[in-house]
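Examination of the molecular architecture
Residue-level listing of the chains:
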Amino acid sequence: MSRGNMGNGQPVQLSEDEFKSTLFSLLGPQTSLQGQIIIPKTYGPVVIKTNEEKMIEAAFESCMFKCFMSCTLGYGLGGVIGLFSASVNPTITGPDAKQQTAREVFRDMKATTLSHAKNFAMIGAMFASVECAIETYRGKSDWKNGTSAGAVTGGLIGLRAGVKAGLIGAAGFAAFSSVIDYYMRHR
């Protein structure tokens, strides 16, 4: 039995058959009842996920996984950028500087690559952690999460150089995050 309210204060009671027929007339003939779940069949067959699929999906959407993946991918991207930066940045300066050996060049490339990789990994992990915390707190997944996370991350990075640099970093990183988020959501 289901109870409802007609709007005039009078409760309405329906039997199970009346409730099913009302539900059928409201939802139309393109629905089927499976257990207690109403599944609309408008865009092809609907597949109900198994418990294992739900567990894998929950693991991939967890904050720990997002943070780990951002850190790992940031490390890889930073390493590539650092390697490119080291290859185009000559370390020999001045007219009387001696030519570097191959060992010194590779040592310098390794230091630059690792420095960039660690910095990008920390930025990725910080951004993903803050964005996930904001998304969990707000309970929504929209552009405001990325913009806020960008502002916090940019502010914390810039704060090492002072308050003014922190504010500029927050504004810059928030704007960049908003542009990237807009591009990713609308493509």
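Going by an unreviewed UniProt entry, the chain carries the name Mitochondrial import inner membrane translocase subunit TIM22 and comes from Orchesella dallaii. Entered under Subcellular location (unreviewed entry) in the UniProt record, the comment concerning the chain runs "Mitochondrion inner membrane".

The helix and strand inventory of the chain stands at 6 helices and 4 strands. Scanning the chain from its N terminus toward the C terminus, one meets helices and strands in the order β-β-α-β-β-α-α-α-α-α. In the chain, which comprises 187 residues, the proportion classed as buried is 19%. Within the chain, contacts between residues at least 6 apart in sequence are counted, and of these 44% link residues at least 24 apart. Of the roughly 14,200 Å² of accessible surface on the chain, a fraction of 65% belongs to carbon and sulfur atoms.

Our next topic: the packing of helix H3 (residues 63-88) against helix H4 (residues 102-138). Between H3 and H4, the least distance of the axes is 6 Å, while the angle of their chain directions is 150°. Considered as vectors, H3 and H4 are oriented roughly antiparallel to each other. In this structure, the crossing between H3 and H4 has a hand that is right-handed. Among the residues making up the contact of H3 with H4, the classes are represented as 16 nonpolar, 13 polar and 3 charged.

Okay, the pattern of salt bridges next. Opposite charge on two side chains permits them to pair, given that their charged atoms come into close proximity. Under the definition given, this model contains 4 salt bridges. Lys49 is the partner of Glu57 in a salt bridge, and the nearest nitrogen-oxygen pair spans 2.4 Å. Taking the relative accessible area as the measure of exposure, Lys49 reaches 40% and is therefore partly exposed. Residues Asp142 and Arg138 are paired through a salt bridge, measuring 2.7 Å at the closest nitrogen-oxygen approach. Among the residues examined, Asp142 registers a relative accessible area of 18% and is labelled buried.

Turning our attention to the packing of aromatic side chains. Across all of its chains, the model carries 2 aromatic pairs by this definition. Relative to Phe65, the ring of Phe60 has its centre 4.9 Å away and its plane inclined at 40°; by these criteria the two rings are tilted. Phe65 gets classed as partly exposed once you look at its relative accessible area, which sits at 29%.

Procedures and definitions
- Residues numbered from 1 in each chain as written.
- Predicted model: local features only at pLDDT ≥ 70, side-chain atom pairs only at ≥ 80, totals over all residues.
- Heavy atoms only, no water.
- UniProt positions renumbered as here; feature names shortened; annotations may be inferred.
- Helix = DSSP H or I, 4+ residues; strand = E, 2+ residues; numbered from the N terminus.
- Buried < 20%, exposed > 50% of the residue type's maximum accessible area, 1.4 Å probe, protein only.
- Contact = heavy atoms within 4.5 Å.
- Areas by Shrake-Rupley, 256 points an atom, 1.4 Å probe, with all protein chains shown as cover.
- Axes fitted to C-alpha atoms, helices over the stretch in contact; angles between N-to-C directions.
- Parallel < 35°, antiparallel > 145°, perpendicular 65-115°, else oblique.
- Left-handed = near helix turned anticlockwise from the far one by under 90°.
- Nonpolar A, V, L, I, M, F, W, Y, C, P; charged D, E, K, R; others polar.
- Salt bridge = Lys/Arg side-chain N within 4 Å of Asp/Glu carboxyl O.
- Phe/Tyr/Trp six-rings, centres within 6.5 Å; stacked < 30°, edge-to-face > 60°.

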